Amino acid sequence: MDEQALLGLNPNADADFRQRALAYFEQLKISQDAWQVCAEALAQSIYRYSELTEVQQQLIRETLITWLQAQMLNPQPEKTFIRNKAAQVFALLFVTEYLTKWPKFFFDILSVVDLNPRGVDMYLRILMAVDAELVDRDVVHTSEEARRNTLLKDTMREQCIPSLVESWYQILQNYQYNNSELTCQCLEVVGAYVSWIDLSLIANERFINMLLGHMSVEVLREEACDCLFEIVNKGMDPIDKTKLVESLCQVLQSAGLFSIDQEDDVDFLARFSKLVNGMGQALIASWTKLIKNGDMKSAQDTLQAIEAKVSLMLQLLIHEDDDISSNIIGFCYDYLHILKQLSALSDQQKANVEAIMLAVMKKLTYDEEYNFENEGEDEAMFVEYRKQLKLLLDRLAQVSPELLLASVRRVFNTTLQNWQTTRFMEVEVAIRLLYMLAEALPVSHGAHFSGDVTKATALQDMMRTLVTSGVSAYQHTSVTLEFFETVVRYEKFFAVEPQHIPTVLMAFLDHRGLRHTSPKVRSRTAYLFSRFVKSLNKQMNPFIEDVLNRIQDLLELSPPENGYQALLSSDDQLFIYETAGVLIVNSEYSAERKQALMRNLLTPLMEKFKVLLEKLMMAQDEDRQMALADCLNHAVGFASRTSKAFSNKQTVKQCGCSEVYLDCLQTFLPALSCPLQKEVLRSGVRTFLHRMIICLEEEVLPFIPSASEHMLKDCEAKDLQEFIPLINQITAKFKTQVSPFLQQMFMPLLRAIFEVLLLPAEENDQSAALEKQMLRRSYFAFLQTVTGSGMSEVIANQGAENVERVLFTVIQGAVDYPDPIAQKTCFIILSKLVELWGGKDGPVGFADFVYKHIVPACFLAPLKQTFDLADAQTVLVCIIFFFAFTLIAMWQTEGKKNNGHVVLMVDLSYKENTLFFLNGVVVWLLFTCCSTVFCSSPMLKIKLENCRFENLTLTCITCKLTLSESERIGSSSLGCLGFSCDR
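Residues numbered from 1 in each chain as written. Predicted model: local features only at pLDDT ≥ 70, side-chain atom pairs only at ≥ 80, totals over all residues. Heavy atoms only, no water.

A. Main features of the overall build of the chain. A count of helical and extended segments in the chain gives 44 helices and eight strands. Buried residues in the chain amount to 49% of all 983 residues. The contacts of the chain with a sequence gap of at least 6 include a subset with a gap of at least 24, amounting to 72%. In the form shown here, the chain has an accessible surface area of approximately 46,400 Å², with 51% of it arising from carbon and sulfur atoms. (Helix = DSSP H or I, 4+ residues; strand = E, 2+ residues; numbered from the N terminus. Buried < 20%, exposed > 50% of the residue type's maximum accessible area, 1.4 Å probe, protein only. Contact = heavy atoms within 4.5 Å. Areas by Shrake-Rupley, 256 points an atom, 1.4 Å probe, with all protein chains shown as cover.)

B. Up close: helix α35 (residues 717–734). For α35, which comprises 18 residues, the first-to-last C-alpha distance of 26 Å matches the rise-based estimate of 26 Å (1.5 Å per residue) to within 8%. Buried residues of α35: Ala717, Asp719, Leu720, Phe723, Ile724, Leu726, Ile727, Asn728, Gln729, Ile730, Thr731 and Phe734, and no others. Packing partners of the buried residues in α35 comprise α33 (678–695), α34 (704–711), α36 (739–757) and α37 (766–788). Residue lysine 735 follows α35 closely and has a positive phi angle near 45 degrees. (Expected span 1.5 Å × (residues − 1).)

C. Focus on the environment of phenylalanine 646. Within the fold, phenylalanine 646 resides in the loop between α31 (622–642) and α32 (658–668). A residue is classified by how much of its surface remains accessible, and phenylalanine 646, at 11% relative accessible area, is buried. Along the sequence, phenylalanine 646 and isoleucine 694 sit 48 residues apart, while their C-alpha atoms lie 9.8 Å from each other. Not counting residues up to four positions away in its chain, the partners in contact with phenylalanine 646 are Val585, Met598, Thr651, Val652, Cys655, Cys657 and Tyr661.

D. Local environment of the nonpolar core. Core analysis: the biggest nonpolar cluster contains 296 residues, and Met156, Trp168 and Phe272 have the highest contact counts within it. Ranked by residues supplied to this core, first place goes to helix α22 (residues 424–440) with 13 residues. In contact with phenylalanine 272, not counting residues within four places along its chain, are Met215, Cys225, Leu252, Leu257, Phe258, Ile260 and Leu312. (Core = buried A, V, L, I, M, F, W, Y, C linked by side-chain atoms within 4.5 Å.)

E. The pattern of salt bridges, seen in detail. Counted according to the given criterion, the structure contains 38 salt bridges. Among the ionic pairs, arginine 206 bridges to glutamate 166, the shortest N-O distance being 2.7 Å. You can see arginine 206 sitting in helix α11 (residues 205–214) and its partner glutamate 166 sitting in helix α9 (residues 161–175), a full 40 residues away along the chain. Since its relative accessible area comes to 31%, glutamate 166 is described here as partly exposed. (Salt bridge = Lys/Arg side-chain N within 4 Å of Asp/Glu carboxyl O.)

F. Broad picture of helix α13 (residues 238–254). Its 17 residues place the ends of α13 24 Å apart at the C-alpha level, agreeing with the 24 Å of an ideal helix rising 1.5 Å per residue. Burial in α13 covers these residues: Pro238, Lys241, Thr242, Leu244, Val245, Leu248, Cys249 and Leu252. The arc that holds the buried residues of α13, viewed along the axis, is 165 degrees, so those residues lie on one side. Exposed residues lying more than 90 degrees from the buried face of α13 are Lys243, Gln250 and Ser254. Looking at the packing, one finds that the buried side of α13 touches α11, α12 (221–233), α14 (266–293) and α15 (296–308). The backbone nitrogen of isoleucine 239 has a side-chain oxygen 3.1 Å away, supplied by the residue at the start of α13, namely aspartate 237. Glycine 256 sits one or two positions beyond α13 and adopts a positive phi of about 85 degrees. (Arc of directions from axis to C-beta. Polar contact = N/O pair within 3.5 Å; in protein donor to acceptor, adjacent residues only side chain to side chain.)

G. Here's a closer look at the confidence of the model for the chain. With 84% of its residues at a pLDDT of at least 70, the chain reaches an overall mean of 84. A low-confidence stretch, residues 875–882 stays under pLDDT 50, and its non-local contacts, those more than four residues away or across chains, total 17 contacts. (pLDDT = per-residue confidence, 0-100.)

H. Inspection of the packing of aromatic side chains at higher detail. A full pass over the atoms with the stated rule returns 37 aromatic pairs. Geometrically, the ring pair formed by phenylalanine 382 and tyrosine 385 is tilted, given 6.1 Å between the ring centres and 50 degrees between the ring planes. Of this pair, phenylalanine 382 and tyrosine 385 are both found in helix α20 (residues 377–399), three residues apart, which corresponds to roughly one turn of the helix. Per residue, the accessibility class of phenylalanine 382 equals that of tyrosine 385, and both read buried. Look at phenylalanine 808 and phenylalanine 849: their rings are 5.4 Å apart centre to centre, the planes differ by 75 degrees, and that puts the pair in the edge-to-face class. One end of the pair, phenylalanine 808, is in helix α39 (residues 800–815); the other, phenylalanine 849, is in helix α41 (residues 846–863), and 41 residues separate them in sequence. Here phenylalanine 808 falls in the partly exposed class, since its relative accessible area comes to 33%. Grouped by ring-pair contacts, the aromatic residues Phe449, Phe483, Phe484, Tyr490, Phe493, Phe494, Phe508, Phe529 and Phe532 constitute a single cluster. When the ring centre of phenylalanine 229 is taken as origin, the NZ or CZ atom of lysine 274, which lies over that ring, is 4.8 Å away. (Phe/Tyr/Trp six-rings, centres within 6.5 Å; stacked < 30°, edge-to-face > 60°. Lys NZ or Arg CZ within 6 Å of the ring centre and 35° of its normal.)

I. The packing of helix α24 (residues 477–489) against helix α26 (residues 501–509), seen in detail. Viewed as axis vectors pointing N to C, α24 and α26 meet at an angle of 135 degrees, and their least axial separation amounts to 12 Å. Relative to α26, the element α24 is oriented oblique. Relative to α26, α24 is oriented so that their crossing is left-handed. Contact residues: α24 offers Phe483, Phe484, Val487 and Val488, while α26 offers Val504, Ala507 and Phe508. (Axes fitted to C-alpha atoms, helices over the stretch in contact; angles between N-to-C directions. Parallel < 35°, antiparallel > 145°, perpendicular 65-115°, else oblique. Left-handed = near helix turned anticlockwise from the far one by under 90°.)

J. Fine view of the environment of leucine 783. In this fold, leucine 783 is placed in helix α37. Leucine 783 sits in the buried class, given a relative accessible area of 1%. Along the primary structure leucine 783 and threonine 825 are separated by 42 residues, whereas in three dimensions their C-alpha atoms are 9.0 Å apart. The contact partners of leucine 783, leaving out residues within four places of it in the chain, are Phe746, Ile795, Val806, Val810 and Ile829.

K. Structural view of the side chain of arginine 83. Take arginine 83: it is sitting in helix α5 (residues 80–97). Side-chain polar atoms of arginine 83 contact the backbone oxygen of glutamate 78, separated by 3.0 Å. Each residue touching arginine 83, except ones within four places of it in the same chain, is listed here: Glu78, Asp121, Met122 and Arg125.

L. Structural view of a negative patch on the surface. Taken together, the side chains of Glu716, Glu762, Asp765 and Glu771 present a region of like negative charge at the surface. Secondary-structure assignment places glutamate 762 in the loop between α36 and α37. The exposure class assigned to glutamate 762 is exposed, which follows from its relative accessible area of 63%. (Patch = residues over 30% accessible without salt bridge, like charges linked within 9 Å, V, L, I, M, F, W, Y side chains within 5 Å. Lys, Arg positive; Asp, Glu negative; His and termini not counted. Charge placed at Lys NZ, Arg CZ, Asp CG, Glu CD.)

M. Molecular detail of unusual backbone geometry. Positioned with a positive phi, asparagine 537 is a non-glycine residue whose angle comes to about 50 degrees. Structurally, the position occupied by asparagine 537 is in the loop between α27 (519–536) and α28 (544–550). The residue lysine 735 is not glycine, and still its phi comes out positive at about 45 degrees. Looking at the element boundaries, lysine 735 is found in the loop between α35 and α36. With a relative accessible area of 38%, lysine 735 lands in the partly exposed category.

N. Spatial organisation of the packing of helix α6 (residues 105–113) against helix α7 (residues 117–135). Where α6 meets α7, the closest approach of the two axes is 9 Å, and the angle between their N-to-C directions is 160 degrees. By the angle between their directions, the pair α6 and α7 is classed as roughly antiparallel. Seen from above, α6 lies across α7 with left-handed handedness. Contact with α6, carried on its side by Phe105, Phe106, Ile109, Leu110 and Val113, involves Gly119, Val120, Tyr123, Ile126, Leu127 and Val130 of α7 and no other residues of that element. Broken down by class, the residue content of the contact of α6 with α7 amounts to 10 nonpolar, one polar and no charged. (Nonpolar A, V, L, I, M, F, W, Y, C, P; charged D, E, K, R; others polar.)

As structure tokens, this is what we get:
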């Protein structure tokens, strides 16, 4: 509603506001949407219902009943959305009033609506709205609301549910032949309520016979199916459930519903399939319970009932409509699970397994309408459906692996013998089945071609057929992709029969793979080719130089101005460069030859890089600058990707390639001084430096100072946030080797960080706030790396003023910022500094800093309103542990100098949450430190000033000193072994 207009209803409103209010309500009277506006306003007011007076509440009840009566007299029914909104209002009022002031809620509504069609319509809508308020699992309820809803349902079961059920029966009986809409609404209500009311009220002869009768009525049978499904899905005694399902099935079968016709209404069959699935799973659940209870006779009867439904299940599973088939998969999967548990299968059960297997194989097949070039929602749904079928295939393998292997082998061989004249979907599914066997028949480390001779021989024969049949030349992308996927999945086949490697390599390299007409095939093949080469390793030696020559054109860096559409995208080229690197590094060539090949690979990149960088420096157009910068970034990325080929066994030095990568560094680093497109260029060079730190180790160190200097110029929050991990990597890897460098760049880095953090930002700019938070975390992570790497002298040598500033930022991070991750890091830093500097070797004045700032920080952090012990992140980081750890570290350094005691002076002036803090945190902390960590000797004295323990009694375990309720502590010392408390 118009909030400004409503101000005119105030008795003290001026004339203008009153006039505006009158005009608004006059307009509302004639508006078609007036009821919707008023209903929404009424719905909102229900949430503030408790604030109304008794008279106002009664007026709302009477208004709703009056409105309901009017619906039956109006010549035209209200619009659907208004009826739904009104039903919501009734439901909200029910939730508020039923237990206290309106126990006859449903009886009052029934007395008004009787069997009037419009009244029944509103009655059923109200029932659905009530169910949504009480039961809908999509609505998140508080624990209080959940308890309230449980009480409401319990009360309804006691007081009105039988009457409601009787009203449903009367509605169904009166309207089943002349008002299908109301009948369907009522069936929906029955289906919704049956899950939480007494099932015997519905699962009885009169109701079931009526519902089964509806199964023969075209306009009612879909809702009747859903209603029967909910009845079957209700929890029951296993024997009773079996009897119920069997009685339903007998009637449905006698009605001819068990004979599935492909031409039947697919919408109904989808619902019917869901019902059959529910009945099958209900029987299986009963069988499981009976087996668990040891009732073998009843279990056998139930198993026979399940077996009798398999024929119907297969008809639905094989149906051409995937929705119908998908709805029955649950029953099929659970049935196979039963067979898996049986010690031996009967002939009929074996036949069932084979029938399911053939059905799955058929349903895996693509249809003619599948759009491979522009996959949409329908295609995505089929992909998901295929995943369900795969689960069935995996379960079939568990039940009868030999049968599955034999069936797949038969289908595969038959199809590939005549692949040239076979439809693409049949060829694709034949290869797909071979691919799926790899997971359906799992082995350790992909060793499919060893161990079980029968299985290994079958798979080896199929793979040999795959690579020699020429099917890789099939002119359809789905078949091509499936061929390459399967070849890579069974890469160990080529260790057994390496003579087939050249054939497959040519398929990858020619028009079937990397030069295919489809960009989708080229892109996927680039990745698969990389995997294939990596997996074969030494077996690639005879083909290395030939492969490198054949992929030469695919390695070319495509500058933006040539206008030529490259075969591969830059992302795909990354895989090709990595493949080239793997071929060179893993070869049996000498170090000199490897160096020559790597130089041949990377020199064109370096030369192009220099030319493109010069062009960027002169470019005026921003779009051209961006295109050139992206191309430069790709060049750096390609060089970086080749380094992934090296390992601990094949290092850069061992391969003689250090000089090549050092040349790359010298070529790429000038990009850092380019004033244009800094973010893109810095990102690429920074990534390359990360890789070189790993590969070149100490050889990269001379380049770090210059690179760091350039990256700290004109940097923003994101630049710093990405630069700090590089410094952390260098610090953690080289430690004292880089101490001079760190001491030199420490304060420039910190000044850059502080400058960015102090920049003003819009109050509601969430992005800027998040950037600053992440930068702050990165800053603290940097300090943690420095202190954790044993290089605290880097901080200590920055001068007293700078050291103090750094320490205060850590204290601030530990106390003031509501960020548990940063707090955790800060307390780790403080603990480490106390450990390193707490003795004689620490900076001058550090001991005073500990007592004046670090110790209070341990107490002040939990006193902050933002410190939430109920928050999962806060608990997860265990900040309290770090408080204790800090105090323990202090004792380790200072306590030994003071007869085994640390005396802490803590002034806790009375605050609102001080007592909670003492009761919940400090007591645990201090006395855990005493009694748990050190166990046997008194070492910790705590002086608490201006503090009061309320409703808490502390008793010293050693001297029995008791601090009782409301006792004030002045400067008394508590210094014995530990304390116990009555809380």
